[in-house]
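# What the coordinates show
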Protein chains: 2
Amino acid sequence: MTKHGLQRVIVEHVTPEIDAGRFYIKKIPGETIGVEADIFTDGHDHVRGQVLYKHESDKNWLRVPMHLMSNDRWQGSFNVEKTGFYSYTVTGWVDHPLTWHEGFVKKYQDTQHMGVELLIGAEFLEAMLPRASKPDQKTINKIVATLRDENKYDLAVNLVLGKDVHHLIDQYPNLENATTYLRELKVYVDREKAGFSSWYCFFPRSASTVEGKHGTFKDCEALLPRIAEMGFDVLYFPPIHPIGQTFRKGKNNTVNALPGDDGVPYAIGSKDGGHKDILKDLGTLDDFKHLIKEAAAHGLEIAMDFAIQCSPDHPYVKKHPKWFKWRPDGTVQYAENPPKKYQDILPVNFENDDWENLWKELKSILDYWCEQGIRIFRVDNPHTKSFNFWEWCIAEVQKKYPGTIFLSEAFTKPKVMKELAKLGYTQSYTYYTWRNSKHELIEYMNELTQSEMKDYYRPNFWPNTHDINPYSLQNGNEISFITRYVMAATLSSNYGIFGPVYELMYHDAYPGKEEYLNSEKYEVRHWDWSAKNRLIDVITKVNAARKANAALQTTYNISFCETYNDNILAYYKRTGDNHILCVVKLDPYSKQFAHVQTPLWELGIEAGQDFSVYDILTGNTYTWNQEWNYVQFEPWDLPVHLFRIEV
Amino acid sequence: MTKHGLQRVIVEHVTPEIDAGRFYIKKIPGETIGVEADIFTDGHDHVRGQVLYKHESDKNWLRVPMHLMSNDRWQGSFNVEKTGFYSYTVTGWVDHPLTWHEGFVKKYQDTQHMGVELLIGAEFLEAMLPRASKPDQKTINKIVATLRDENKYDLAVNLVLGKDVHHLIDQYPNLENATTYLRELKVYVDREKAGFSSWYCFFPRSASTVEGKHGTFKDCEALLPRIAEMGFDVLYFPPIHPIGQTFRKGKNNTVNALPGDDGVPYAIGSKDGGHKDILKDLGTLDDFKHLIKEAAAHGLEIAMDFAIQCSPDHPYVKKHPKWFKWRPDGTVQYAENPPKKYQDILPVNFENDDWENLWKELKSILDYWCEQGIRIFRVDNPHTKSFNFWEWCIAEVQKKYPGTIFLSEAFTKPKVMKELAKLGYTQSYTYYTWRNSKHELIEYMNELTQSEMKDYYRPNFWPNTHDINPYSLQNGNEISFITRYVMAATLSSNYGIFGPVYELMYHDAYPGKEEYLNSEKYEVRHWDWSAKNRLIDVITKVNAARKANAALQTTYNISFCETYNDNILAYYKRTGDNHILCVVKLDPYSKQFAHVQTPLWELGIEAGQDFSVYDILTGNTYTWNQEWNYVQFEPWDLPVHLFRIEV
């Protein structure tokens, strides 16, 4: 008989729980974890439940009571305040005193004689003494004496019906035969930037203000005020390492580079070194560390690119031949997607005997840059590297350098993207880039915020990247650039743009592809870093609004509002008493109008009662007093109302 | 580094899996288990998967290949042939030779030179040698020699493109770095009756043909031919044990019995004994064993009632006072639902120090009756006894007496009913008794057959029981009795009726309740066991049809057909080449008609092609040749077409 015969309560189906506890869920400090469980017992006795939780630095469980929702489903919640791991689980027990108390009331109302009932109650109360506080022990003893005194029958009955006894039952449950859920579950609490971040990406080699000159870290420093003014807080650079010569690619991904072509930063490694080295044209390690500090002074954190692949000239190829695939003809295997060949790139072969040393070396690259002051990595194509490696590597780096953020640049199949997030990636790229219609946007947001993904997958929305010039922006229409930007920055609390391409609305495409023409991946470009336009103004205002409005600092508080117009998307986000209503025109060309259903029930407003909506982008204030409110957009208007609702 | 660095495949979300493998799924011999899993790897290499399974008597895993459905979801299936436990799990691996082969074809079509590719292929093939059969080793060696011979380039390329190489790749995968799912899952294979059974319940004490006489087992024997003729195969009796005297209930559940009242069979235990004894009025143990044999000769298996509760006169009360709750006034706690009291029944208190002896004694009751030849128990109110007890007890009894069937008589909250099924109950009562409208019936059937319940919850449909005279039958309408019966017996492969009440269409209700007036629970009744009527004829034909048509022998093969009439329910069941279409009129009073959408696509029939439908209940045959076919029911017609479709 392996079961404890006295445990009568079942506790099961605890949520959040990812794959039976195989993976942890993710939160940031201050967030609440709502835990649910099925809790029930045989028969008709009352049950109760608690959530148990503790931070990894705590010794004992903290407990919060759960309440019954319906149909044996219970809920309780706790807040996480510290970073690091928390554990949580659920316990449930049969509450005999509560069952007795409910029966007592019913029998009393049925005018039965309560003699035995009082004695039963006295026994339950006495059993609480060892668990009770000193003052409550006094109370208990007093009540018990009355319950046992036949001459005080009426007083005793009234005592039981009074609030003290109920309070004691609530306060001092007997957990001796409680059932605790069979698994302890984990939450990893990241620092705040994991949940709320505004990324700006550019190629440092295009940072020079002098046309034809290779940009340097010094040039980058000069751009910091501009990027900080727009309101970004993460500055992400594609790889800054030495670039291979062998099979170097030319402009627009041509197979052979011409003399003077600068090559592809993703073809990492040359005689000058590999992943721990810096391309000389950009500057020195000291220059880079200086840039990190300067950026920090502007409220900007530098994110590095971690791309596990080598040019044929990378020192690893000679030093660690086992880490690559070799062909029977003695040549090293380059990347390919048959029949296409990518001879400038050697993929690392994770299936090799020396995998432990490979793992250690790869991790040491991250350790090295952490030592230089980096705490954010955007990982290039993580879905083409070993899953097991990522789980180990991310955990190890975060153990040594708490607060390190990993962004997964995986644009691939849904299950693979999800797996990377479950294995430890802090943030993940998404399909947002290709979600354009109202139906697609709502469906995708609901998947991200209402499905299990909400517990482990932190979306980071990018309207463009240096790899993607989406068809929806290739028209160069200013309205499209504004809507795609504003939606990224208000649907998701984490977002980024690839600039200055984005804010300058550069949109020339490599013919037939979602790639930029004359892409900076293959050449140095020169930009007008001093330009001003309406989009830059919107970016600046939206980033300021994100900082000022808590409702824009999480992705998970969204609900969509009815508009009965497929070209007008409206959504409401609320955090505490901060209420944001965003109305976006999806059609870039025509006039559109609609009545937007405003969630008065969330605002605590009755129809007929005046309230103001303040448009953060225009500074206009409107007074509304109905549930359905009219909005219209002329073709030349800003295609967005970003309303703060004043209640 | 705890992870094996060479495993690149993820295997997760295996189904069927109940609560992360905490519970086993259930099957009967001959059934198929379709196993699904997410299987994928990093990058673009091909993966493959297998289901591994073995019977508890097998030493080694058997393997079946899986195939990709879509979106990284794979499927494979195996049949269970033996009773007892099977284990199953899933394994997946990167198939490098397959990836190479696909690349080979593409490069060949791109007219690349295949020199190195042939050498790579030779290496893959050579690596298969240790796993290959003798004849295949010869083939491999021959192919490898050609692939390595520069003078046979064209022949070698054609060899690779031919079917042999592909076959070898398929046949001899390298599983060295395969990933096996982290859990082994269990199936319990019951004997066939667990999945296909027709129950008939009556009170043996009402079996006498002489009015006013207490029925005996001998009287029961005389009824066996009648019950067998109707086609039942399980004969279930309410408790047959000594009945208590103290607080004995009178007719219609009155509080005090009159002299001569026979009491309630559920108030088990008197000075004559308890759960291992037989009520003297029914006969002796030998009589009972004789009845078991006689029943078996008629194809009927006796099911006993297991009701864990005692009358105040049960020997346990004196011998094992710890097994009951005692009140501070020295009296024993009777059953109650405050303010109601049930003083004739003492519940067993599972929360007692002596629980191990209680568990053993309760199990010994089942062991005792198994020794007498019983292998089916209907368990009374299992939801008011300890869950842990049931899990242990059912497993132990089934270990000692394989094939023992337990029917859970829990009419309670959904999660409790499900839990009992998960813990081991072979079959379970359902909400069918109260599902009357078309919408309710379809929704409930879909829950039972399409949700996870299909893997562990075997429904047993009862239109009435000795505890339930449902409102829907209290009208006494013959059409209602026929439809409720036929649906029970054709929607569900396990079903039962409480007779002869049901087939005699007795429907007098205790006023305002879903209980029978003059219920046999409180008195001996006298019935006309020789009566004949249209319902009995339907029962006989339906039970015969169930035996003759495999499609009616499982619950899980159902799909509903459109009729565009809320009063006409139609469903199609198929097993192999046996096709059943059942059309039921739900309205007991009026004429109803509809066109029924016939699933021609399942039948392999084109519109316009003639096919016959044979009505098993009337013997009529109709020729149809369209997808939508007209049916009508006059008020006096049988309210059901039970069609066998001839294809």
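Residues numbered from 1 in each chain as written. Chains lettered and ligands numbered in written order. Predicted model: local features only at pLDDT ≥ 70, side-chain atom pairs only at ≥ 80, totals over all residues. Heavy atoms only, no water.

A few words now on the overall build of chain A. Check the secondary structure of chain A and you find 15 helices and 30 strands. Expressed along its principal axes, the backbone C-alpha trace of chain A runs to roughly 110 × 65 × 45 Å. Taking all 647 residues of chain A together, the buried fraction comes to 58%. Of the contacts made within chain A by residues no fewer than 6 positions apart, 74% connect residues no fewer than 24 positions apart. Of the roughly 25,900 Å² that chain A leaves accessible, carbon and sulfur atoms contribute 50%. (Helix = DSSP H or I, 4+ residues; strand = E, 2+ residues; numbered from the N terminus. Buried < 20%, exposed > 50% of the residue type's maximum accessible area, 1.4 Å probe, protein only. Contact = heavy atoms within 4.5 Å. Areas by Shrake-Rupley, 256 points an atom, 1.4 Å probe, with all protein chains shown as cover.)

A few words on the UniProt feature "binding site: alpha-maltose 1-phosphate" (unreviewed entry) in chain A. Residues and elements named next belong to chain A. According to UniProt, the positions carrying the feature "binding site: alpha-maltose 1-phosphate" (unreviewed entry) are Lys249, Gln309, Asp344, Asn381, Lys521 and Tyr522. Position of Gln309 among the secondary structure elements: in strand β14 (residues 309-310). Beyond its immediate stretch of four places on either side in the chain, Gln309 contacts Tyr266, Ile268, His275, Ile345, Leu346 and Asp380. A polar contact of 3.0 Å, which involves the side chain of Gln309, links it to the backbone oxygen of Tyr266. (UniProt positions renumbered as here; feature names shortened; annotations may be inferred. Polar contact = N/O pair within 3.5 Å; in protein donor to acceptor, adjacent residues only side chain to side chain.)

Note on the copies: chain B fits chain A at an RMSD of 0.0 Å, the axial shift is 0.0 Å, and the rotation between them is 180°. Look at the turn and shift together and you get a two-fold axis relating the two. When each C-alpha of chain B is compared by its distance to the rotation axis, Ala20 of chain B comes out closest, at 3.0 Å. Here 100% of the interface residues in chain B have copies in chain A that are interface residues too; the copies meet face to matching face. (Least-squares fit on C-alpha atoms with pLDDT ≥ 70 in both.)

A word on the pattern of salt bridges. Considering all chains together, one arrives at 90 salt bridges over all chains under this definition. Residue Glu36 of chain A pairs with Arg73 of chain A through a salt bridge whose shortest N-O separation is 3.1 Å. Placement of Glu36 of chain A in strand β3 (residues 32-41) and of Arg73 of chain A in strand β7 (residues 73-79) is noted, with a sequence separation of 37 residues between them. A salt bridge links Lys152 of chain B to Asp149 of chain B; the shortest N-O distance between them is 3.9 Å. If you follow the salt bridges from partner to partner, you end up with Asp305, Arg378, Asp380, Glu409, Asp467, Glu515 and Lys521 of chain A in one network. (Salt bridge = Lys/Arg side-chain N within 4 Å of Asp/Glu carboxyl O.)

Take the sheet that holds strand β18 (residues 376-380) of chain B next. Residue and element names in this part refer to chain B. If you walk across this open sheet you meet the eight strands as β21-β20-β19-β18-β13-β12-β11-β22, and the pairing is parallel. Two strands lie at the open edges of the sheet, namely β21 (459-460) and β22 (494-498), each paired on one side alone. One ladder, built from two bridges, connects strand β19 (residues 405-409) with strand β20 (residues 427-429); its direction is parallel. Each residue of the ladder has a partner; that of Ser408, found in β20, is Ser428. (Pairing = 2+ DSSP bridges.)

Before going further, it helps to examine the interface of chain B and chain A. Opposite the 67 residues of chain B that make contact, chain A presents 67 residues. The contact between chain B and chain A buries some 5,900 Å² in all, and 58% of this surface belongs to carbon and sulfur atoms. Ionic pairing is found between Asp72 of chain B and Lys413 of chain A, a salt bridge with its closest N-O pair at 2.7 Å. In this assembly, chain B and chain A are joined by 26 residue pairs in polar contact (both at pLDDT 80 or more). Broken down by secondary-structure element, the contributors of at least two residues to the side of chain B that touches chain A are β1 (9-15), β3 (32-41), α1 (96-109), α2 (115-128), α9 (355-371), α10 (387-400) and α11 (414-423) of chain B. (Buried area = accessible area lost by both parts, 1.4 Å probe.)

It is worth spelling out the pairing of strand β25 (residues 578-585) of chain A at this point. Residues and elements named next belong to chain A. Judged by how many residues are buried, β25 sits mostly within the fold: eight of eight residues are covered. The two faces of β25 match: Asn578, Ile580, Cys582 and Val584 on one face and His579, Leu581, Val583 and Lys585 on the other face are all buried. Of the strand pairs in this sheet, strand β24 (residues 568-575) and β25 are connected by eight bridges, and their pairing is antiparallel. Residue Leu569 lies in a different strand from β25, and its bridge partner there is Val584. Counting the residues in the hairpin turn of β24 and β25 gives two residues, including Gly576, whose phi is positive at 60°. Where β25 meets strand β30 (residues 640-646), six bridges bridge the pair, whose relative direction is antiparallel. In the strand pairing of β30, Cys582 is matched with Leu642.

Moving on, we get to the packing of α10 of chain B against α11 of chain B. Residue and element names in this part refer to chain B. Across the interface, α10 lies against α11 with an axial gap of 9 Å and an inter-helix angle of 30°. One way to sum up the angle between α10 and α11 is to call them roughly parallel. As α10 runs across α11, the sense of the crossing is right-handed. The residues of α11 that touch α10, namely those facing Phe387, Trp390 and Glu391, are Val416, Glu419, Leu420 and Leu423. Tallied by class, residues from the contact of α10 with α11 come to five nonpolar, no polar and two charged. (Axes fitted to C-alpha atoms, helices over the stretch in contact; angles between N-to-C directions. Parallel < 35°, antiparallel > 145°, perpendicular 65-115°, else oblique. Left-handed = near helix turned anticlockwise from the far one by under 90°. Nonpolar A, V, L, I, M, F, W, Y, C, P; charged D, E, K, R; others polar.)

To continue, consider unusual backbone geometry. Cis geometry marks the peptide bond from Thr15 of chain A to Pro16 of chain A; its omega dihedral reads -5°. When you line up the elements, Pro16 of chain A lands in the loop between β1 (9-15) and β2 (25-27). Looking along the chain, the bond that leaves Gly499 of chain B and enters Pro500 of chain B is cis, with omega of -10°. Residue placement: Pro500 of chain B occurs in the loop between β22 and α14 (534-548).

Residue and element names in this part refer to chain A. With antiparallel pairing, six strands are arranged side by side in an open sheet as β23-β24-β25-β30-β27-β28. The open sheet has two edge strands, β23 (558-561) and β28 (621-624), and neither has a second partner. Averaged over all neighbouring strand pairs, the angle between strand axes comes to 25°, with direction disregarded. Where helix α12 (residues 438-450) meets the sheet, its contacts fall on β23 and β24, and the angle it forms with β23 comes to roughly 155°.

This paragraph deals with the domain arrangement of chain A. Annotation of chain A at the domain level lists domain 1 (9-93 + 177-189), domain 2 (97-172), domain 3 (198-240 + 278-305 + 362-552) and domain 4 (558-646). Of note, the centres of domain 1 of chain A and domain 4 of chain A, computed from C-alpha atoms alone, are 38 Å apart. (Domains from an automatic or database assignment.)

Under the feature "domain: Glycosyl hydrolase family 13 catalytic" (unreviewed entry), the UniProt entry names residues 201-546 of chain A. The span residues 201-546 of chain A carries 33% helix and 12% strand; its end-to-end C-alpha distance comes to 19 Å.

Okay, helix α6 (residues 217-230) of chain A next. All names here are of chain A. The end-to-end C-alpha distance of α6, which contains 14 residues, comes to 20 Å, matching closely the 20 Å that a straight helix rising 1.5 Å per residue would cover. By the largest-angle criterion, Leu223 marks the main kink of α6, which is about 40°, and a proline, Pro225, follows within four residues. Considered for burial, the residues of α6 that qualify are Phe217, Asp219, Cys220, Glu221, Leu223, Leu224, Arg226, Ile227 and Met230. Here the buried face of α6 lies against β11 (197-201), β12 (234-236), α7 (285-297) and α14 (534-548). Following α6 by one or two positions, Gly231 has its phi on the positive side, about 100°. (Expected span 1.5 Å × (residues − 1). Bend = angle between axes of the 7 residues up to and from the residue.)

This part covers the environment of Leu147 of chain B. All names here are of chain B. The topology assignment puts Leu147 in helix α3 (residues 134-148). Separated by 450 residues in the primary sequence, Leu147 and Gln597 have C-alpha atoms spaced 59 Å apart. In contact with Leu147, not counting residues within four places along its chain, are Leu118, Leu119, Gly121, Ala122, Leu125, Ala156, Leu159 and Val160.

In this section: the state of the cysteines. Residues and elements named next belong to chain A. Applying the stated criterion across every chain, the model contains zero disulfides over all chains. In this structure Cys220 is a free cysteine whose sulfur lies 11 Å from that of Cys201, the closest cysteine sulfur available. We classify Cys220 as buried; its relative accessible area is 1%. (Disulfide = S-S within 2.5 Å.)

Moving on, we get to the nonpolar core. Ranked by size, the top nonpolar core spans 160 residues in total, and within it Phe202, Phe288 and Tyr485 of chain B carry the most contacts. Apart from residues no more than four positions distant in its own chain, Tyr485 of chain B is found in contact with Pro463, Tyr495, Ile497, Tyr502, Leu535, Val538, Ile539, Val542 and Asn543 of chain B. One finds Val9, Leu279, Tyr432 and Leu638 of chain A within the second-largest nonpolar core, a separate group that totals 159 residues. (Core = buried A, V, L, I, M, F, W, Y, C linked by side-chain atoms within 4.5 Å.)

Residue and element names in this part refer to chain A. The topology assignment puts Tyr522 in the loop between β22 (494-498) and α14. We classify Tyr522 as buried; its relative accessible area is 10%. Expressed as a C-alpha distance, the spacing of Tyr522 and Thr555, which sit 33 residues apart in the sequence, is 35 Å. Excluding residues within four positions of it along the chain, Tyr522 makes contact with Arg205, Lys249, Gly250, Lys251, Asn252, Asn253, Gly263 and Val264.

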